[in-house]
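A look at the structure
Spelled out from the first residue to the last, the chains are:
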Amino acid sequence: MGDRVTREPRFKTGDYVQRINQPEVSGVVREIRWDGQVESWNYLIQFGAQLRAVPEEALETVTIVQSPWESFTQGSLSGKAHFIFTLTYERLKSPPARIAHSFATARTQFYPYQFKPLLKFLDNPGKSVLIADDVGLGKTIEAAYILRELDAHQAIERVLIVVPARLRSKWEKELRQRFDEQFKIVKGSDLIEQANRVAKGRELEEFRWIVSYESIRSEGVRAALDEALVPIDVLIVDEAHRLRNPETLQHKVGVVLTRTANAIVFLTATPVQNKLEDIWNLLRLLSPDEFSEWALFQEQVKGNRLILAAQAALANHPPDYSAATTSVESFIRNYAPERAGRRFLATILKRLSDAPSDRRECLELQADISRLSPTSHIISRTRKVEALPNRPKRDAHWQRVRLTEEERAIYDSVEDICRRRWPGTDASWGFQMSLMMAYRMTASCIPAAVQYFSDKLKETEQAEISISEEERSGWQEAEEMTAWTGPARHALEQIVESAYRVPEHDSKLEELTHAFKAIWEDDERNKSPRRKIIVFSFFRRTLEYLARALSGRAIPNCMIHGGVPVDVREREIDDFLEPAGVSVLLTSEVGGEGIDLQAASVLFNYDLPWNPMVVEQRIGRIDRIGQQARRLVILNFVVEDSIEERVLARLLTKIEIFKESIGEPDPILGEEIERLAGRALQGDLSREELDSIVEQQGDALAHRVVEAKKMLTRVDGLLAADQALIDEINAIIGERQLPSEYELILFLNSFLANRYPGTQLPPRVLKEVVTVNLGSNLGFALENSAPELGHDAAIFGRRISTGPIDLTLSREAGYHHPRAERVHLQHPLTRFAVSEITKERSRKNSGFALSLSTKRLPVGRYGFLVSLIHVRTQRSLTKLVALFADWDNHRVWAEPNEATALLIEMLERAEDLRIVPQLSDTVAIKDCLVAALDEVKRDWEKREAKLEQARLEQQSVSRLAILDFRVKRIRERLNKLESSGANEFAIRMTNAQLSKAEQEKEVALTTSKDQKWGVIEHEEIAVGFVEVIGASPSVS
Amino acid sequence: MSPKRRVHLGIDYGTSSSKIVFRDYGAPGGETAVVVVRDGSFRIPSRVCLTASDLLFGDEQRTTENCDIYESVKMQVAAEVSNNPRHYYGPLKAMPSGFASVDLAALTVWFLISEGHRAVAAYLKGRMDLISVGMTMGVPMAFFKDRQLRSTFLGIPRRAWMLYRGEGLLGSALLRDKALWVLDKYPLAAVPETREEEVRDWVRSEGEAAMWWPFQSPAVAPGRYAKVDIGAGTSHSSFFQIFGNMGIAKTGMAFLSAASESVGMDAVDRAIAESEELGGDCLALRGLEQSILQKSAKARGALIPVRDGIYHAFRKGWIETHQKIKQSVAEVQSWRDVKLFVIGGGSLIPTIAEAFKVHPAGVNPMLQLVVLEQPPELVRADAAKVSKDELPFVTVAYGLSNIGLSIPEALTPDQVPPMREPTQRRKRLDHEDIYAK
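Attention in this report is confined to the structure presented alongside it. (Residues numbered from 1 in each chain as written. Chains lettered and ligands numbered in written order. Predicted model: local features only at pLDDT ≥ 70, side-chain atom pairs only at ≥ 80, totals over all residues. Heavy atoms only, no water.)

1. Regarding the nonpolar core
Residue and element names in this part refer to chain A. The biggest cluster of nonpolar side chains holds 94 residues, and the ones touching the most others in it are Phe-453, Leu-512, Phe-516, Val-535, Leu-586, Phe-604 and Val-647. Considering each element in turn, this core owes the most residues, eight residues, to helix α17 (residues 429-444). The next biggest cluster of nonpolar side chains, apart from the first, holds 76 residues, and it includes Leu-147, Phe-796, Ile-805 and Phe-832. (Core = buried A, V, L, I, M, F, W, Y, C linked by side-chain atoms within 4.5 Å. Buried < 20%, exposed > 50% of the residue type's maximum accessible area, 1.4 Å probe, protein only. Helix = DSSP H or I, 4+ residues; strand = E, 2+ residues; numbered from the N terminus.)

This is the structure:
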């Protein structure tokens, strides 16, 4: 029975075959054997790196398809695994999103608003943006997204980030840990060196540098840069408000830097402090052409008010079309030069007069009106109330510490010594600093301070430490900077003489442990997990003392300060962030800088910062995006009847810094508070005098804060509604324009399975960090691909060649484990897979047969088409579009949102059919879907043409308005010169200026009329049959 | 004529229960392996019940008044053929009049093939006209490497196949007279001779079948592996190597050793039940073992001798492997970091599975436990997901559902000769060799 061979095999060794039911899988016949059981032939086929046995019935000769339609009409259909693979590959190859390269590549949580500055930046042909978000919304991340996106589209060779000195290491660390970007912290001298290279005509090196304001605000740096004009591809300036005063040297350096930078990003939470000129000064650095004159800017502000008024009228319920029309007409009359193209403006007026009842049309109209704004295109601002509507409330308390007699004696003696007159020391910054620190240490922690004083006295006297301005403004832990030399050493001797013994009782520590218990008892009562508590101190010695003391009281704790090695710091933070880990973190400013500690909702200030900026930075560690708690508890420890209580506590309370964020405080606030506290230490004021000064100055400072807040709201007057941008970002997620992490892992594993046996990413990498051995073969291949894929491919290749690596696809896990490799849509491994598949891919089968359980379509059979539509205009855009057609009546289900939702369901839930029905009528379905796609394209063309036209027209209108203004000003000047009988040369020169300006205006006008909008193309990436099952009865 | 769609049945004919997985080679979207579910369970009892008139197969009923139950027919066949009563636990049971143990085994396998066929028909909505069915049965590695036992166990599915092809499907009841009649019609002697290269089309070792997924899994690289399969009554171990073709494709497996010990999850449950003084059926503990072990030090203590017994199977396998490799220092070195698969019911109990991380040779470091991800194409016939707890029990049937060629080269321990130190390469001539003369 059956053991005799009854027929010849259909294929022979070496033949190329494909699976009938999986046409995308093809391989070579390696071995053939007769199977007597079923009287047929079995074949051993090599599919990529795998050998599989397949019966003859499941094989056919390889067929080359020219288009997805060919597979479809021939009935050569693949299943869901290949469907996901194909769509993932195509979306990785031509990402249908403008933010594809920055999206999902960072180790950060995803917040849509953080992509808004990037979109504004991309839309602005001037390639510059001012990011004016509130504090704590992640401006660093927003700037890094811009950098990442630019990097993907053009060669970025020189990047300069200018930051305050105290933020240098924070930026370096954030870029390294969150974006895998390696930046180097340099000094002004390095910039001078680069300038010298340029001046000498030598080749410029690539650089990615972080430099501090303090280090570049010198005439030497300014002059060198001014002379050599070092080209910079991307310039990022943090706390850019420091550039707003044109009188300062740092503004002048800013002028030189912005002149040579191709792309500029400014970041500040306080673009205006006292007057609107503040922001104008920043804007004219960003775009000198647009914001050349103050008078023009005022006009632009007025124009924008009309835009805002029109938008506000439309936002009413019901929309007030008449008011909106009045505002838009007024805008056109006053701010849109008559001869400029006004087609777009005319369409807006027409739509307003139609008064659409459809909400969506009204929203589109609002978005189109916002495109007319003369200022909004360059400013991106997100406020905390918008981004974090449920942000936590700050609940601040003061914990007064009553000292024992012994402690009081020490405290008083230190205060007394600090208040004494020390002849010849008035001008010594080091001396003043030493005494102030001695006082502050005593106020912070008496036992630690006493120990420190006696230790310091035992050390031999050293030369005074030279501290640069840069170091002074950085968060150095103060005791490390204090030089006990000269008169300061005499003071120290006296301090040690009076406070020679560590007191037995520590009242402040008692209060601290009591506060811990109170918090945790509260948690127990509420049956909630123990809250994590951060204890801040300005002093390393205090922290070390507390760590020992708390451990002795069985309160486990972690500690981070500048003296703790970086790897230990990371371990300590991990321990603290672990939900079941240690509940207390002791940290200084240096230790906690740049670390997000949203896992904690309780903060203790064990000592009080003298600068509100430090207070803001401390609270900012927990009061930021990602904080889950509804209430933040802040407890400030202050010694009863101390300078801190009498001066600092009162001043800080007056400016209400503990109640809510005051943004990035005006430096004057800090200076003033420090001055007052210092004054109190000088001892030349009576108690009453001091109280009175503190009261008055406190009120003045509070007023200043209120005024600054009011001023900030004026920035909103420069903006227009940005909902369209947020919608675009949400659509990228909601419409699955970019592959999900699940789709990415399927794609990568499919690629690896075919080429690198033994290398797979286990599904657990979607959620956690997993140690994976990807093998040396893949490593070498990645290293070899470096010329094509970039240096990061070589680095990753080397990493995996040397052994197993820690890897994850999760943003969250990647953030908590910065040393683990995070694979994302633009990771070298993903790019390598896409590039290799593209090289070998003639056209794989992309016809599909699937089954889908959905409520969106009635039960039945459907044909579908998935396409990428490319819009090539000033800003290129690609979009994923899906269409469905009823197999029996050829009705097309093309409502865009429904079709997209169906496509997402197919990616998530489609199943393979058990039996594929005989498909007839494929040609009719094809014709019907192709016709529908053409219609979608036409709609898109209309829409995109309109948008592009709007963009171009807005640019023309704004440019012409500027030129009009300039012509008007020159003409006025000319009239003045002529009437005042000025000399002929001056009149001739002004005349020449006038004719040049008029000429420029003519050119701009002609160009505005000749502008073409662009082209639209499409690419069919998948077609197929889907059987819909399980629809709800409610679907008609 | 359009080619038929091919389905292959993998039949794990177990001592007390059997499992069936069928592989649909023509499934749209790619091969699909489907676990056959009967009355909600993937376990199909292997015992045969004899009433006055009928033979009952796959019956869940443990005892009936007028029923004679034949448990462990498979092991009785082995005991009879090899004349080694150790294969059968307890005194051999006399067969009913007119039936030999191999007859009952062949009839059981016919029933299992029929069950598979029925499941395929249900899965494909009755379109059996499109389908062509084949099958492979699993045999313990110890039987497979024994010429006589292999020959006997090859005869069982071949005869069952003749019955299936000749007589059609067998329901769960068969009249005794009809049974005797069909056995007479399809005697063992009528089974055609099987060429050596075709043997694996019909029967394959359970060890090899269990390791089919690791062999195919893209996550597993060529290398040296050990497997411990902790079943209900028996624990098996094997040491094997997966070969690769210059790192491009995996080409074969060689089992250096296979060992068994008659101790498994039943003994584990018994030990726990006794230590915890739980009366009744100790099998009721199945699935609760780890939680009891976590809580009770007494239970953990009681488990030690059982765990040692299971570990002994592992050690025996290593000794056999070591015998083969000891001549090659490099080979012995390579087997030190052997990677380990623990499968079967015991793999779900970390307290037991972790014990196998200690290399039987006592060398450091601890062995790496390989965690296999679930095969993507494996589903249950009732559309439910194959759970993590079910997976260890269906891996053998899943591996058997592949046609014989699927592991191009699969050597059993008797086919792997002892290894020798590679002959020393000729010393390269150096400067002195040339110029000293």
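2. Side note on helix α21 (residues 487-498) of chain A
Residue and element names in this part refer to chain A. Over its twelve residues, α21 extends 17 Å from the first C-alpha to the last, a length consistent with the 16 Å expected when each residue adds 1.5 Å. Those residues of α21 not exposed but buried are Ala-488, Arg-489, Ala-491, Leu-492, Ile-495 and Val-496. Buried residues of α21 fall within an arc of 155 degrees about the axis and therefore sit on the same side. (Expected span 1.5 Å × (residues − 1). Arc of directions from axis to C-beta.)

3. Considerations on the state of the cysteines
In a disulfide, the sulfur atoms of two cysteines are held together by a covalent bond. Using the criterion set out here, one finds zero disulfides over all chains in the structure. With no disulfide of its own, Cys558(A) lies 19 Å from the sulfur of Cys445(A), the closest cysteine sulfur. (Disulfide = S-S within 2.5 Å.)

4. As for the side chain of Gln737(A)
Relative to the elements of secondary structure, Gln737(A) occurs in the loop between α30 (723-734) and α31 (741-755). Those residues in contact with Gln737(A), other than ones at most four positions away along the chain, are Arg91(A), Pro96(A), Ala731(A), Ile732(A), Thr878(A), Lys879(A) and Leu880(A). (Contact = heavy atoms within 4.5 Å.)

5. Quick look at the interface of chain A and chain B
How big an interface is tends to be expressed through the accessible area that disappears when the partners come together. Listed per partner, the contact involves 44 residues of chain A and 50 residues of chain B. Of the roughly 4,100 Å² buried where chain A meets chain B, counting both sides, 53% is carbon and sulfur surface. Summed over the shared surface of chain A and chain B, the result is four salt bridges. Linking Arg19(A) and Glu31(B) is a salt bridge whose minimum nitrogen-to-oxygen distance equals 2.7 Å. Across the chain A-chain B interface, the total number found is 17 residue pairs in polar contact (both at pLDDT 80 or more). Residue assignment for the side of chain A that touches chain B shows that the elements contributing at least two residues are β2 (22-35), β3 (40-47) and β4 (50-55) of chain A. (Buried area = accessible area lost by both parts, 1.4 Å probe. Salt bridge = Lys/Arg side-chain N within 4 Å of Asp/Glu carboxyl O. Polar contact = N/O pair within 3.5 Å; in protein donor to acceptor, adjacent residues only side chain to side chain.)

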